[in-house]
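If you want the building blocks of each chain, they are given just below.
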Amino acid sequence: KPGNDQLVEGLASVQVQLGAAKGAMELLSRHTFEPRHQSYSLLRLYQATRLMLALEAAGRKNFSEAVREVELAARPSANLGMDDFAALESARLHCFVALLKEAREDKKGAAQSWKAAAAISDDDVEGEGLFRAIGLWKSGQTGEAEKWFKEFERLNPRRQQDNSVEVRTQAFTLAGLYAAFRK
């Protein structure tokens, strides 16, 4: 069944893993997926593909295209069959846009993106919270950010010892991003 949603998603995932973001985006763009409530795997695949395209554009010093790709990652197209709940704002994506705007020396635009990241209500230690806290810090709200960082430093090492491979992987990934932020 070549039009099967799971098959198309799986093929796009393989393309991403092989570093063929353009091929993955073609698969995701050409296929109309059936509506699925809270279809996070497809949302994350779409976002990862857009972020890979943004990385490629940034590597070519085309920061305008890179920013556009990250902004598109935040707005999945209707053909993906996702509901509104899956299209919530992401502090992570706002941080990526801020970094790209800084790279192209757009200080005002970067400041707006940092503030947008800080305005996201998700402060969970499992992911978006780190990016919200970085947004807070970069927006001058260092006291609130430092409180979050202190809690993260306390909880994340436990998550690195979790029985779940996914939890451990995410914990180590966030620890690396946090270390890079703290230099």
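Up top is the structure.
Residues numbered from 1 in each chain as written. Predicted model: local features only at pLDDT ≥ 70, side-chain atom pairs only at ≥ 80, totals over all residues. Heavy atoms only, no water.

Engineer: Can you lay out helix α5 (residues 91-103) for me, pointing to particular residues and giving the numbers?
Structural biologist: The end-to-end C-alpha separation of α5 is 18 Å, in line with the 18 Å expected for 13 residues at 1.5 Å each. Within α5 the residues assigned to the buried category are Ala-91, Leu-93, His-94, Cys-95, Val-97, Ala-98, Leu-100 and Lys-101. Taken together, the buried residues of α5 touch α3 (40-59), α4 (63-73), α6 (107-118) and α7 (128-138). Where α5 begins, one side-chain oxygen reaches toward the backbone nitrogen of Arg-92, 3.3 Å away; that side chain belongs to Ser-90. Positive phi appears at Glu-105, one or two residues downstream of α5, with a value of about 65 degrees. (Helix = DSSP H or I, 4+ residues; strand = E, 2+ residues; numbered from the N terminus. Expected span 1.5 Å × (residues − 1). Buried < 20%, exposed > 50% of the residue type's maximum accessible area, 1.4 Å probe, protein only. Contact = heavy atoms within 4.5 Å. Polar contact = N/O pair within 3.5 Å; in protein donor to acceptor, adjacent residues only side chain to side chain.)

Engineer: Can you explain the environment of Met-52? Please cite residues and give values.
Structural biologist: Mapped onto the elements, Met-52 comes out in helix α3. A relative accessible area of 22% places Met-52 in the partly exposed class. With 14 residues separating them along the chain, Met-52 and Ala-66 place their C-alpha atoms 9.3 Å apart. In contact with Met-52, not counting residues within four places along its chain, are Val-16, Gly-19 and Ala-21.

Engineer: Just give me the short version of the packing of aromatic side chains, but keep the residues and values in it.
Structural biologist: Scanning all chains against the criterion turns up seven aromatic pairs. For the pair Trp-148 and Phe-152, a centre-to-centre distance of 5.2 Å together with 15 degrees between the ring planes defines the contact as stacked. Separated by four residues within a single helix, Trp-148 and Phe-152 lie in helix α8 (residues 142-159), roughly one turn from each other. One aromatic cluster is present, formed by Trp-137, Trp-148, Phe-149, Phe-152, Tyr-178 and Phe-181 through successive ring pairs. (Phe/Tyr/Trp six-rings, centres within 6.5 Å; stacked < 30°, edge-to-face > 60°.)

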